[in-house]
Amino acid sequence: MATVKHKILVLSGKGGVGKSTFSAQLSYALAAMDFQVGLLDIDICGPSIPKMLGLEGQEIHQSNLGWSPVYVESNLGVMSIGFMLPNPDEAVIWRGPRKNGLIKQFLKDVYWGELDFLVIDAPPGTSDEHISIVQFLQATGIDGAIVVTTPQQVSLIDVRKEVSFCKKVGLKVLGVVENMSGLCQPLSEFRFMRTTETGEQKDMTEWILSYMKGKAPEMLDVVAYTEIFDSSAGGAGRMCSEMGIPFLGKVPLDPQLCQAAEEGRSCFSDEKCRVSAPALKMIIDKLLAQQMISRIEDGA
Amino acid sequence: MENGDYKDVPENANEHCPGTQSESAGKSDACKGCPNQEACATAPKGPDPDLVTIVERMATVKHKILVLSGKGGVGKSTFSAQLSYALAATDFQVGLLDIDICGPSIPKMLGLEGQEIHQSNLGWSPVYVESNLGVMSIGFMLPNPDEAVIWRGPRKNGLIKQFLKDVYWGELDFLVIDAPPGTSDEHISIVQFLQVTGIDGAIVVTTPQQVSLIDVRKEVSFCKKVGLKVLGVVENMSGLCQPLSEFRFMRTTETGEQKDMTEWILSYMKEKAPEMLDVAAYTEIFDSSAGGAGRMCSEMGIPFLGKVPLDPQLCKAAEEGRSCFSDEKCQVSAPALKMIIDKLLAQQMISRIEDGA
């Protein structure tokens, strides 16, 4: 770890909040800024990272220097148990000690080289993997943790626990990201249904689109927004001010971002992720500014 | 890559440890020099005495259903909660056991936050939502709900064992067990502890995304490995369906700002396009062009129980600890959930009449 400048842990209390999606896009963004980036996936049971970087089916090669990360780009290397499974459908049914052993190997045996950032994607919760990664890395210094959540209360409850974990183990909370903060989509990209008297759903999309063109053309370039996950309790922003931790920002639920994750693409590589890419960029810029990291300072 | 950690191999054991419960524990060649050698050689082998107690407790439980997911955040606990509500509403005696130690969502979803566990001479008493729906979770045992439960595997296993050993459930038609996501300590343990008493099977919850389906395949593989029957897969968050009038509308100005046009658009619709007011807008969100869970199920030869749409009203019911069946608000999700639960019961050939209502 002597050749790794910054280590960032990406945590979530709750599963399925977009932690791995965020880790992947953060890594893409940092690499696009010409930083040397390593992405370490310590989710042993459900390793999502290979898919999200378009690296399914890749294998780990060994050199005399150690295990070699799988490179997406020359400055973005990835390590995950996902690369070690002969059959991706097969479950990894390991108890804690064995998982800890592999995480230790990832840190001991992988040759990362000179890295500006090591992004570590953890599984949800506060158990073996989390205790272990902190224990193993604490001596070398961890910049801190980003906690990802959704606006729902069940999610925020778990964020509080995750923040409590960080405090207990002396891990700095760099900030909280609120993901799936509402769905924002051009009205013309929806399908439209009407329920008939028999209770059936009838697809009216073609009809509605022509109807709009004819009678209400102003509606065609409007964007429809809905919350989905009720944030009337104030969401993550309010929780952060209550807890005195930085709020890094919100990312809307964007089907285009979901698709980019499925296809292993960077959301910044084209113009498709119109609502999510700008939001993610603002969050990452804020993070770097907060950590006072700039290309110039780090000797680009 | 070897798999299967059922043999109780301690962390500091030698490489080819036969397992602490094996006949050759402490005595095999592989045990030479292992720090546990003497303990293993002298410790009594054979069935765990706690298992005997568990069998007794579970003797009054007719059906045990595990609710699993490969991936987190797919709606497993929401489904477990609503399944429990639905079964209780059909007058079954229901127990809901939350074995997610790090992130126990169940108390909130049943409106039981802040409740405590009471003890009687019969054992720990579940917290009752209704007289026929009792709940057990570590959530009831935390003095400070914000405080993390930072336990390694063995301690989590110990508590799960206690939930099975010490809780007095009484006569139950159903014990629904809500697991955390994944395939680790909690999952291995619950199967080990309950297998003797018989588990009906597992329901696996997923969303349509490929990253989710990958993890379902792993979860199904886990079930096969441990001999757990897969009762079926539920595809949650299958698209968002909401009346158009419940959206907000924005337009991006030339400066790149988002301007809220909701009032304007609603009046505009009333005047120019009234037909649109009673239309529902639908969008997929999670791309299911790979065929979603339905296709995966037919490929894997396992039952597909059905889809539940992403319904903000269901999310709200979960937040407020309500049954989605108790009123008419969950217009899109409640019917879908009901169909899934009916299908499950029919499949398991469980009816009120047969079970001696």
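For every chain, the first residue of its written sequence is number 1, and the numbers climb from 1 along that sequence. Both sets of labels track the order of writing: A upward for chains, 1 upward for ligands. Reporting in this predicted model follows two pLDDT cut-offs: at least 70 for local features of residues, and 80 or more for side-chain atom pairs to be given and counted; totals over whole chains, interfaces and linings ignore these cut-offs and use all residues. Side-chain figures throughout are based on the complete set of non-hydrogen atoms in the structure, without hydrogens or water.

Per an unreviewed UniProt entry, the recorded name for chain B is Cytosolic Fe-S cluster assembly factor NBP35, and the organism is Coffea arabica. UniProt positions are given in the numbering used here, feature names are shortened, and annotations may be inferred rather than shown by experiment. You can read under Subunit (unreviewed entry) in the UniProt record for chain B the words "Homodimer and homotetramer. Predominantly homodimeric." Entered under Subcellular location (unreviewed entry) in the UniProt record, the comment concerning chain B runs "Cytoplasm".

Where an unreviewed UniProt entry is consulted, chain A appears under the name Cytosolic Fe-S cluster assembly factor NBP35-like isoform X2, with the organism given as Coffea arabica.

A.B. asks: Looking at this structure, how should I read the overall build of chain A?
C.D. replies: Each helix is a run of DSSP H or I of at least 4 residues and each strand a run of E of at least 2, with the numbering of both proceeding from the N terminus. Scanning chain A from N- to C-terminus turns up nine helices and 14 strands. For this measure, only C-alpha atoms enter the radius of gyration; the expected value for a globule follows 2.2 Å times N^0.38, where N is the number of residues. For a compact globule of 300 residues, the expected C-alpha radius of gyration is about 19 Å, and chain A comes in at 21 Å, within 12% of that figure. Dimensions of chain A, computed from the C-alpha atoms along their principal axes, are close to 70 × 45 × 45 Å. Between buried and exposed lies partly exposed: a residue is buried under 20% and exposed over 50% of the maximum accessible area for its type, with that area taken using a 1.4 Å probe on protein chains only. Taking all 300 residues of chain A together, the buried fraction comes to 62%. A separation of at least 24 residues holds for 76% of the contacts in chain A among residues at least 6 apart in sequence. Accessible surface is estimated by sampling points in the Shrake-Rupley manner with a 1.4 Å probe; for residues, cover comes only from the protein chains shown. Accessible surface, chain A as shown: approximately 11,500 Å² in total, 51% of it carbon and sulfur. By the counting scheme adopted, Arg and Lys are positive, Glu and Asp are negative, and His together with the chain ends is not counted. A charge is said to be at NZ when it belongs to Lys, at CZ for Arg, at CG for Asp and at CD for Glu. Taking the average location of the 28 positive side-chain charges in chain A and that of its 36 negative ones, the two points are 5 Å from each other. Note on contacts: a residue pair qualifies if any of its non-hydrogen atoms lie within 4.5 Å across the two residues.

A.B. asks: Sorry, what's going on with the packing of aromatic side chains here?
C.D. replies: When we look at a pair of aromatic rings, we describe it by the centre distance and by the angle of the planes. Planes of paired rings set the category: under 30 degrees apart is stacked, over 60 is edge-to-face and the rest tilted, where pairs are Phe, Tyr or Trp rings (Trp by its six-membered ring) whose centres lie within 6.5 Å. In the structure shown here, the tally under the stated rule is seven aromatic pairs over all chains. Centre to centre, the rings of Trp207 of chain A and Tyr211 of chain A are 4.8 Å apart; their planes meet at 15 degrees, and the pair counts as stacked. With a gap of four residues between them, Trp207 of chain A and Tyr211 of chain A both fall in helix H6 (residues 205-215), about one helical turn apart. What makes Tyr211 of chain A buried here is its relative accessible area of 11%. Ring geometry for Trp124 of chain B against Phe163 of chain B: centres 6.2 Å apart, planes inclined by 80 degrees, an arrangement best described as edge-to-face. Of this pair, Trp124 of chain B sits in strand S4 (residues 123-125) while Phe163 of chain B is found in helix H5 (residues 153-166), placing the two residues 39 residues apart along the sequence.

A.B. asks: What's the story with the pattern of salt bridges in this structure? I'm lost.
C.D. replies: Opposite charge on two side chains permits pairing when their charged atoms draw close. A side-chain nitrogen of Lys or Arg and a carboxyl oxygen of Asp or Glu constitute a salt bridge if their distance falls within 4 Å. Inspection of the entire model under this criterion finds 31 salt bridges over all chains. In this structure, the salt-bridge partner of Arg194 of chain A is Glu275 of chain B, at a minimum N-O distance of 3.7 Å. You can see Arg194 of chain A sitting in strand S11 (residues 191-195) and its partner Glu275 of chain B sitting in the loop between helix H8 (262-272) and strand S13 (280-283), one on each of two chains. Here Glu275 of chain B falls in the partly exposed class, since its relative accessible area comes to 36%.

A.B. asks: How do you make sense of the domain arrangement of chain B when you look at a structure like this?
C.D. replies: Much of the literature gives interface size as the accessible area that the parts lose upon coming together. Note: domain ranges come from an automatic or database domain assignment. Here chain B is partitioned into domain 1 (1-46), domain 2 (50-237 + 295-355) and domain 3 (241-283). Each of domain 1 of chain B and domain 2 of chain B was reduced to a C-alpha centroid, and the two centroids are 33 Å apart.

A.B. asks: What is the right way to look at helix H7 (residues 210-226) of chain B in this model?
C.D. replies: Because each turn of an α-helix spans 3.6 residues, side chains separated by three or four positions end up pointing in the same direction. Residues and elements named next belong to chain B. Taking 1.5 Å of rise per residue, the 17 residues of H7 would be expected to cover 24 Å, and the 25 Å separating its terminal C-alpha atoms lies within 8% of that figure. With 12 of its 17 residues buried, H7 lies for the most part within the structure. Buried within H7 we find Val211, Ser212, Leu213, Asp215, Val216, Lys218, Glu219, Val220, Ser221, Phe222, Cys223 and Val226. After H7 finishes, the residue Gly227 shows a positive phi value of roughly 70 degrees. Helices are assigned an expected span. That span is 1.5 Å times one less than the residue count.

A.B. asks: I'm lost on the confidence of the model for chain A in this one. Help?
C.D. replies: Low pLDDT means the predicted coordinates in that region are not meant to be read closely. pLDDT expresses, on a scale from 0 to 100, how confident the predictor is about each individual residue. Put simply, chain A has an average pLDDT of 89, and 97% of its residues get 70 or more. Least confident of the elements in chain A is strand S12 (residues 201-203) of chain A, whose mean pLDDT is 83; most confident is strand S2 (residues 37-41) of chain A, at 97.

A.B. asks: Hey, could you run me through the UniProt feature "binding site: [4Fe-4S] cluster" (unreviewed entry) in chain B in this one?
C.D. replies: Residues and elements named next belong to chain B. Here the UniProt-annotated "binding site: [4Fe-4S] cluster" (unreviewed entry) positions come out as Cys17, Cys31, Cys34 and Cys40. A maximum C-alpha distance of 10.7 Å places the annotated residues, which cover 24 residues in sequence, within one compact spot. Within the element layout of this structure, Cys17 appears in the segment before helix H1 (37-42). Examined against the element boundaries, Cys40 turns out to sit in helix H1. The class for Cys40 is buried, based on a relative accessible area of 14%.

A.B. asks: For this particular structure, what's the right way to read unusual backbone geometry?
C.D. replies: Note: most peptide bonds trans; most residues except glycine with negative phi. The backbone of Met180 of chain A sits at a positive phi, close to 55 degrees, despite the residue not being glycine. The residue Met180 of chain A is located in the loop between strand S9 (173-178) and strand S10 (183-186) in this model. Overall, Met180 of chain A belongs to the buried group, its relative accessible area being 12%. Positive phi outside glycine occurs at Asp91 of chain B, with the angle close to 70 degrees. With respect to the secondary-structure elements, Asp91 of chain B resides in the loop between helix H3 (76-89) and strand S2 (94-98). For Asp91 of chain B, a relative accessible area of 55% gives the class exposed.

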